[in-house]
Amino acid sequence: MFTGIVTDVGEVLAVRPRAEGLHRLKIACAYERATIAQGASIACSGVCLTVVDTGEEDGRTWFSVDAAAETLAITTASRWKHGTRLNLERALKIGDELGGHIVAGHADGIAELIARDDLPDMARLALRVPKPISRFIAMKGSVALDGVSLTVNEVEDDTFSVLIIPHTLQVTTIGALKVGDPLNVEVDLMARYAARLMETR
């Protein structure tokens, strides 16, 4: 479980396809190697992945994860390559501050950035999501984009907008986004459960 508060921006060092339909990803980070246990969960641009190896190279810590076929099919992980920058977040510990919202790290699909308006000290982003996902997104609700917890500003049909504050622009990959870029999107868990309850009434 995560909160959507990014704690580091990592960099993909290598991608190795495997016969089982997996991609083995090697990702550099600023975390201390001793603090990363094998089997730990790390959200990589909103995708919860399990650490299978760690090491150090050129003075930097790295960890390896396997992205399965399902993950590659419904997230941007299939497009990650050497040099791709990823928002990273360690799994939530009991007692940690819940600064964003509850994020599972199970991306629901891919959103497309369709407009960007750079304002004084912030940016307004407009995004389009697949129709099945759009019904879970509500004004003033929460959404995770590439692992970043954000508040929805406006919603219209299958598009919505968010306002990005200067801090988020500086410490995540959001600041470098361009129109047409894809982002992993995870809808609010409460919205999903509320919709399910309505279906079963």
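Refer to the preceding data block for the structure.
Criteria and thresholds
Residues numbered from 1 in each chain as written. Predicted model: local features only at pLDDT ≥ 70, side-chain atom pairs only at ≥ 80, totals over all residues. Heavy atoms only, no water. Helix = DSSP H or I, 4+ residues; strand = E, 2+ residues; numbered from the N terminus. Rg over C-alpha atoms; globule rule 2.2 N^0.38 Å. Contact = heavy atoms within 4.5 Å. Areas by Shrake-Rupley, 256 points an atom, 1.4 Å probe, with all protein chains shown as cover. Lys, Arg positive; Asp, Glu negative; His and termini not counted. Charge placed at Lys NZ, Arg CZ, Asp CG, Glu CD. Buried < 20%, exposed > 50% of the residue type's maximum accessible area, 1.4 Å probe, protein only. Salt bridge = Lys/Arg side-chain N within 4 Å of Asp/Glu carboxyl O. Pairing = 2+ DSSP bridges. Axes fitted to C-alpha atoms, helices over the stretch in contact; angles between N-to-C directions. Disulfide = S-S within 2.5 Å. Polar contact = N/O pair within 3.5 Å; in protein donor to acceptor, adjacent residues only side chain to side chain. Patch = residues over 30% accessible without salt bridge, like charges linked within 9 Å, V, L, I, M, F, W, Y side chains within 5 Å. Phe/Tyr/Trp six-rings, centres within 6.5 Å; stacked < 30°, edge-to-face > 60°. Lys NZ or Arg CZ within 6 Å of the ring centre and 35° of its normal. Core = buried A, V, L, I, M, F, W, Y, C linked by side-chain atoms within 4.5 Å.

Caption draft 1: Inspection of the overall build of the protein at higher detail. When you go through the protein residue by residue, the secondary structure sums to four helices and 12 strands. A compact globule built from 201 residues should have a C-alpha radius of gyration of about 17 Å, and the protein, at 17 Å, falls within 12% of that. For the protein, the spread of C-alpha atoms along the three principal axes comes to 45 × 45 × 35 Å. A fraction of 68% describes how many contacts in the protein between residues 6 or more apart in sequence connect residues 24 or more apart. As displayed, the protein offers around 10500 Å² of accessible surface, 53% of which is attributable to carbon and sulfur atoms. Taking the average place of the 21 positive charges on the side chains of the protein and the average place of its 27 negative ones, the gap between the two points comes to 3 Å.

Caption draft 2: Expanded view of the side chain of Asp146. With respect to the helices and strands, Asp146 occurs in the loop between β9 (142-145) and β10 (148-156). Despite being buried, Asp146 has no salt bridge partner; Arg85 is the closest side chain of opposite charge, sitting 9.7 Å away. Filtering out sequence-adjacent residues up to four positions away, Asp146 remains in contact with Ser45, Gly46, Asn87, Thr173, Pro182, Leu183 and Asn184.

Caption draft 3: Local environment of the sheet that holds strand β3 (residues 41-44). In space, the six strands of this closed barrel follow the order β1-β2-β5-β4-β3-β6, with antiparallel pairing throughout. Neighbouring strand axes in the sheet, compared pairwise and without regard to direction, differ in orientation by 45 degrees on average. Here β3 pairs with strand β4 (residues 47-57) via four bridges, running antiparallel. The partner of Cys44 across the bridge, within β4, is Val47.

Caption draft 4: View of the state of the cysteines. As enumerated under the stated definition, the model contains zero disulfides in all. Cysteine Cys29 is unpaired, with the sulfur of Cys44 as its nearest cysteine sulfur at 9.3 Å. As a non-bridged cysteine, Cys44 has Cys48 as the owner of its nearest cysteine sulfur, 8.5 Å distant. A relative accessible area of 0% places Cys44 in the buried class.

Caption draft 5: Representation of the side chain of Asn87 within the structure. Within the element layout of this structure, Asn87 appears in strand β6 (residues 85-90). Within the structure, Asn87 has its side chain in polar contact with the backbone nitrogen of Thr173 (distance 2.9 Å).

Caption draft 6: Focus on a nonpolar patch on the surface. On the surface, Met1, Leu92, Leu98 and Ile102 cluster together to form a nonpolar patch covering roughly 330 Å² of accessible area. Within the secondary structure, Met1 sits in the segment before β1 (8-17).

Caption draft 7: Fine view of the packing of aromatic side chains. In this structure the tally under the stated criterion is zero aromatic pairs. The ring of Trp62 is capped by Lys26, whose NZ or CZ atom sits 4.7 Å from the centre of that ring. Positioned above the aromatic ring of Tyr31, the side-chain terminus of Arg90 is 4.7 Å from the ring centre.

Caption draft 8: Local environment of the pairing of strand β7 (residues 109-119). Here four bridges tie β7 to strand β12 (residues 182-187), and the two strands are oriented antiparallel to one another. Across the sheet, Gly109 pairs through a bridge with Val185, a residue of β12. Pairing analysis gives seven bridges linking β7 to strand β8 (residues 122-128), with the strands arranged antiparallel. Pairing of Glu112 across the sheet is with Arg128, part of β8. The antiparallel hairpin formed by β7 and β8 contains two residues in its connecting segment, where Asp121 sits at a positive phi of about 70 degrees.

Caption draft 9: Broad picture of the nonpolar core. Leu125, Leu127, Val143, Leu145, Phe160 and Val162 are the most contacted members of the largest nonpolar core, which totals 23 residues. For this core, the secondary structure elements donating two or more residues are β7, β8, β9, β10, β11 (159-164) and β12. Once residues within four sequence positions are removed from consideration, Val143 is found in contact with His101, Val148, Ser149, Leu150, Val152, Phe160, Val162, Val185 and Glu186. Residues Ile27, Ile36, Cys44 and Leu86 belong to the second largest nonpolar core, which totals 19 residues.

Distances and angles like these do not, on their own, reveal function.
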